[in-house]
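Coordinate analysis (summary)
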Amino acid sequence: MGEYKTLEERLKNDILTNNAVLNHYSQCKDCIFRDKLIVNGKEIGYNKCVCHIYGKISAEHSNETYPDFFLYTPIENQDKPTGVYDNTEQCEFYEQEKRRK
């Protein structure tokens, strides 16, 4: 049997990051298809893998546990693509919300 390392020993060479600064799904912030969930007065729904287009399977699973968590049914079964998550590709369904004048 090998020697067990402490948590400190296992993580001493890891570089920790604050994932909040990575700004995932940034293109979704003003998309008309985003989830418009508001928490504590701040819209945060865009920052998840489900929108009105993507995430039908995830939305259905969530609604089994939390009924009516998603009040809509996404069109595509799969969640948002990885490139949309990490902002390396433009979402093919992105459409900017019209701003009020």
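Residues numbered from 1 in each chain as written. Predicted model: local features only at pLDDT ≥ 70, side-chain atom pairs only at ≥ 80, totals over all residues. Heavy atoms only, no water.

Turning our eyes to something else, we now look at the overall build of the protein chain. Looking only at helices and strands, the protein chain has three helices and two strands in total. Along the protein chain, from the amino end to the carboxyl end, the secondary structure elements read α-β-β-α-α. Whereas a compact globule of 101 residues would reach a radius of gyration of roughly 13 Å, the protein chain reaches 18 Å, over 25% beyond that. With the C-alpha coordinates aligned to their principal axes, the bounding extent of the protein chain is approximately 60 × 35 × 30 Å. (Helix = DSSP H or I, 4+ residues; strand = E, 2+ residues; numbered from the N terminus. Rg over C-alpha atoms; globule rule 2.2 N^0.38 Å.)

Before going further, it helps to examine the environment of Glu 60. Here Glu 60 shows up in helix 2 (residues 56-65). Residue Glu 60 is classed as partly exposed on the basis of its relative accessible area of 42%. As a C-alpha pair, Glu 60 and Tyr 25 span 35 residues in sequence and 21 Å in three-dimensional space. (Buried < 20%, exposed > 50% of the residue type's maximum accessible area, 1.4 Å probe, protein only.)

A separate point is the nonpolar core. In this structure, Tyr 25, Cys 28, Tyr 46, Cys 51, Ile 53, Tyr 54, Val 84 and Cys 91 together form the largest nonpolar core, which totals eight residues. Not counting residues within four places of it along the chain, the set of residues in contact with Val 84 comprises Tyr 25, Gln 27, Cys 28, Glu 89 and Cys 91. (Core = buried A, V, L, I, M, F, W, Y, C linked by side-chain atoms within 4.5 Å. Contact = heavy atoms within 4.5 Å.)

This brings us to the confidence of the model for the protein chain. Averaged over all residues, the pLDDT of the protein chain is 90; the fraction at 70 or higher stands at 95%. Looking at the elements of the protein chain, mean pLDDT is at its lowest for helix 1 (residues 7-11), recorded as 86, and at its highest for helix 2, recorded as 96. (pLDDT = per-residue confidence, 0-100.)

Another aspect to go through is the pattern of salt bridges. Side chains that differ in sign of charge can pair as their charged atoms come close. One pass over the structure, following the stated rule, counts four salt bridges. As a salt-bridge pair, Arg 34 and Glu 97 come within 3.0 Å of each other at their nearest N and O atoms. Residue Arg 34 is located in the loop between helix 1 and strand 1 (38-39), and its partner Glu 97 is located in the segment after helix 3 (82-85); the two are separated by 63 residues in the primary sequence. For Glu 97, a relative accessible area of 27% gives the class partly exposed. Between Lys 48 and Asp 35 there is a salt bridge whose closest N-O contact spans 3.1 Å. Taken as a pair, Lys 48 in the loop between strand 2 (42-43) and helix 2 and Asp 35 in the loop between helix 1 and strand 1 lie far apart in primary sequence, 13 residues in all. The buried category is assigned to Asp 35, whose relative accessible area is 7%. (Salt bridge = Lys/Arg side-chain N within 4 Å of Asp/Glu carboxyl O.)

Bringing unusual backbone geometry into the picture now. A positive phi angle, near 55°, is found at Tyr 25, a position not held by glycine. With respect to the element layout, Tyr 25 can be found in the loop between helix 1 and strand 1. One non-glycine residue, Asn 40, lies in positive phi territory at about 50°. Structurally, Asn 40 is set in the loop between strand 1 and strand 2.

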